[in-house]
Structures are given as C-alpha cells and as structure tokens.
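Chain by chain, the residues run as shown.
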Amino acid sequence: IILDYLPQGLPGSYGKSSGPICYALGTTEFKLFELTVKPGAKIAIDDEVYIGKDTNLRTQIEHVKRRISYSQLNSTAQGELEPVVRDIVTKKMEKEFVKFYNNAQPISLKVHLLEKLPGMGKKTLIEFLTARDKGPFKSFADIKERVPLMDDPAKFIVDRIVQEISEPDTPHYIVANDGQKRNN
C-alpha cells in the first residue's frame, strides 16, 4: 500500500536520474519499501500496487529499490502508516488477527503474550481470557461484544504493529515480520 508518492524523486536528488519513487508498506509482513515507479504510472497515496516477481502483473512499479526502516520514511509516509495499518488489519487480515487473539498464550509465568499489546493491562487481559474460555472469538465485533473493556480490538493490534515498525528495538516482536534481527 502506497504511503507517499514523490514524483520528482527524493529531495536533494534534483538533476540526478533518480526518477519518481514511492514509499510503501507490505500487506502481509508489514515491511517498508522504497519503490521505483514506471514512467507514466498513476500513483496515489493508499493505492495497492503489485511488487511481486511476475513482471506482467507489475503495471505501476518498475522494481523494489530497497527495504527501508521507519526512520527513512518522510513525515507524510510516517503519518499515513497508522491509517494504512488499520485498513490492512480490519479489511484484509481480521481473520488472522482474531486467530491470534484466540491462540495467544502466556510467554512466562508472569506475562501473557497479549500484555505485549499496547493498552492491554491485567484487568483487560483477565476479562478477555474469561470470555475466551467460553469459546473462541469469531470477529473483532465478537471480541468487542464479549469483552467490554476492549472497545476497539483492532486498535490493540494496529498500535502493536506500528510500534514494531517504528521502534526497531522493541523486544518480543509478535506481529510485524520485517526480517530484521529480533530480541526474542
């Protein structure tokens, strides 16, 4: 998903042959990319573009220029990150994250994996686990209905993904998979 489009290339590269680029977020592993745009391609923020190996399907993107970190994004792309992650979590991957909620287990005697989600305190965790013991959740709406303290279950996931992307030293990466060294 496109986070920002720079039709003149990177700032400071004027006169060089850098050409138009865009910043994008992968929709399954939440990896950040700098992409080279094909000449004449129409690109806009929030567009979904194909960057896979099949060049026939790659109609807007010439190639992946490089993987980047959060700190290499410009301010526009950083500002777009959270809403784009929210769209991915709620519209494309809800089933996967409900499964994550249903399967999450303790990671030690004192800490549950779900406590690694920003905003998930002990009281919310206890209410969640009590509701989950009565049966698996079917959707975010089901979680919201059965666990009143979780008025927005997707937000817990979105906040964690953004944290994992923007803070490279976050221990116990549980959602994003950017292929970098982890402190697990």
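All figures in this text were calculated on a predicted structure; none of them were measured in a lab. (Residues numbered from 1 in each chain as written. Predicted model: local features only at pLDDT ≥ 70, side-chain atom pairs only at ≥ 80, totals over all residues. Heavy atoms only, no water.)

**Concerning the packing of aromatic side chains**
Both the distance between ring centres and the angle between the ring planes are used here to describe each pair of aromatic rings. We count it as follows: Any two rings among Phe, Tyr and Trp, with Trp reduced to its six-membered ring, count as a pair given centres within 6.5 Å; such a pair is stacked if its planes are under 30 degrees apart, edge-to-face if over 60, and tilted if neither. Runs of H or I in DSSP of at least four residues are treated as helices and runs of E of at least two as strands, each being numbered from the N terminus. We call a residue buried when its accessible area falls under 20% of the maximum for its residue type, exposed when it is over 50%, and partly exposed in between, using a 1.4 Å probe and counting protein chains only.
If you walk through the whole model with that rule in mind, you get 3 aromatic pairs. Considering the side-chain rings of Tyr101 and Phe128, the 5.5 Å spacing of their centres and the 45° angle between planes classify their relative orientation as tilted. Placement of the pair is Tyr101 in helix H2 (residues 94–103) and Phe128 in helix H3 (residues 122–133), with a sequence separation of 27 residues. Since its relative accessible area comes to 0%, Tyr101 is described here as buried. Classification of Phe128 as buried rests on a relative accessible area of 0%. Following the ring pairs from residue to residue traces out a cluster consisting of Phe100, Tyr101, Phe128 and Phe137.

**Points about the nonpolar core**
We count it as follows: Put simply, a nonpolar core is a bunch of buried Ala, Val, Leu, Ile, Met, Phe, Trp, Tyr and Cys residues held in one set by side-chain atoms that sit within 4.5 Å of each other.
Of all hydrophobic cores here, the largest spans 42 residues; its most connected members are Leu25 and Tyr101. Secondary-structure elements contributing two or more residues to this core are strand E1 (2–6), strand E2 (21–25), helix H1 (75–92), H2, H3, helix H4 (140–146) and helix H5 (153–166). Ranked by residue count, the leading element in this core is H5, at 7 residues.

**Considerations on H5**
The criterion, for reference: Under the convention used throughout, the expected extent of a helix is 1.5 Å for every residue step, that is, one less than its residue count. The contact criterion used throughout is that any non-hydrogen atoms of two residues lie within 4.5 Å.
In this model, H5 (14 residues) spans 21 Å end to end at C-alpha, consistent with the 20 Å of a helix rising 1.5 Å per residue. Within H5, 10 of the 14 residues are buried, which leaves the element mostly enclosed by the surrounding structure. Within the sequence span of H5, burial applies to Pro153, Ala154, Phe156, Ile157, Val158, Arg160, Ile161, Val162, Glu164 and Ile165. Next to the buried residues of H5 lie E2, strand E3 (32–37), H1, H2 and H4.

**Remarks on the sheet that holds E1**
The condition is simple: In short, DSSP must find at least two bridges between two strands for them to pair. A fitted line through C-alpha atoms represents every axis, and for helices the fit uses only the stretch in contact; the resulting angles, taken between N-to-C directions, go from 0 to 180 degrees.
A sheet is described by the order of its strands in space; here 4 strands give the open sequence E1-E2-E3-E4, paired in antiparallel fashion. Of all strands in the sheet, those with a lone pairing partner are E1 and strand E4 (61–68), marking the two edges. Across the sheet, the axes of successive neighbouring strands diverge by a mean angle of 25°, strand direction being ignored. Across 5 bridges, E2 lies against E3 in antiparallel orientation. Following the sheet pairing, Cys22 is matched in E3 by Leu35.

**Notes on the pairing of E2**
Across the 5 residues that make up E2, a large majority, 5, are buried. Side chains of E2 alternate between two faces, with Ile21, Tyr23 and Leu25 and Cys22 and Ala24 buried alike. Pairing geometry for E1 and E2, over 4 bridges, is antiparallel. Bridge pairing in E2 links Leu6 to Ile21.

**As for the side chain of Thr124**
Positionally, Thr124 belongs in helix H3. Beyond its immediate chain neighbours, meaning those up to four positions away, Thr124 contacts Gly119, Val147, Leu149 and Met150.

**Notes on H1**
Where we set the bar: Two axes define the bend at a residue: one fitted to the seven residues ending there, one fitted to the seven starting there, and the bend is the angle between them.
The terminal C-alpha atoms of H1 lie 25 Å apart, and with 18 residues this matches the ideal 26 Å at 1.5 Å per residue to within 8%. At Leu81, H1 shows its largest bend, some 35°, and a proline, Pro83, comes one to four positions later.

**So, the confidence of the model for the protein**
This is how the line gets drawn: A residue's pLDDT is the confidence the predictor assigns to it, expressed on a 0 to 100 scale.
Across the protein, the average pLDDT comes to 89, with 89% of residues at 70 or higher. Here E4 stands out as the element of the protein with the lowest mean pLDDT, 94, in contrast to H4, whose mean of 97 is the highest. For the stretch residues 178–184, pLDDT sits under 50, and the model shows 13 contacts to residues farther than four places along the chain or on other chains.

**What to know about the pattern of salt bridges**
Note that side chains of opposite charge can pair when their charged atoms are close. Which entries qualify depends on this criterion: Whenever a carboxyl oxygen of Asp or Glu lies within 4 Å of a side-chain nitrogen of Lys or Arg, that contact is scored as a salt bridge.
Applying the stated criterion across every chain yields a total of 10 salt bridges. Of the charged contacts, one joins Glu34 and Lys65 as a salt bridge, the two residues approaching to 3.4 Å between their closest N and O atoms. Note that Glu34 is positioned in strand E3 and Lys65 in strand E4, a separation of 31 residues in sequence. A relative accessible area of 38% places Lys65 in the partly exposed class. A salt bridge links Asp152 to Arg86, with the shortest nitrogen-to-oxygen separation between them at 2.6 Å. In this pair, Asp152 is assigned in the loop between H4 and H5 and Arg86 in helix H1, connecting sequence segments 66 residues apart.

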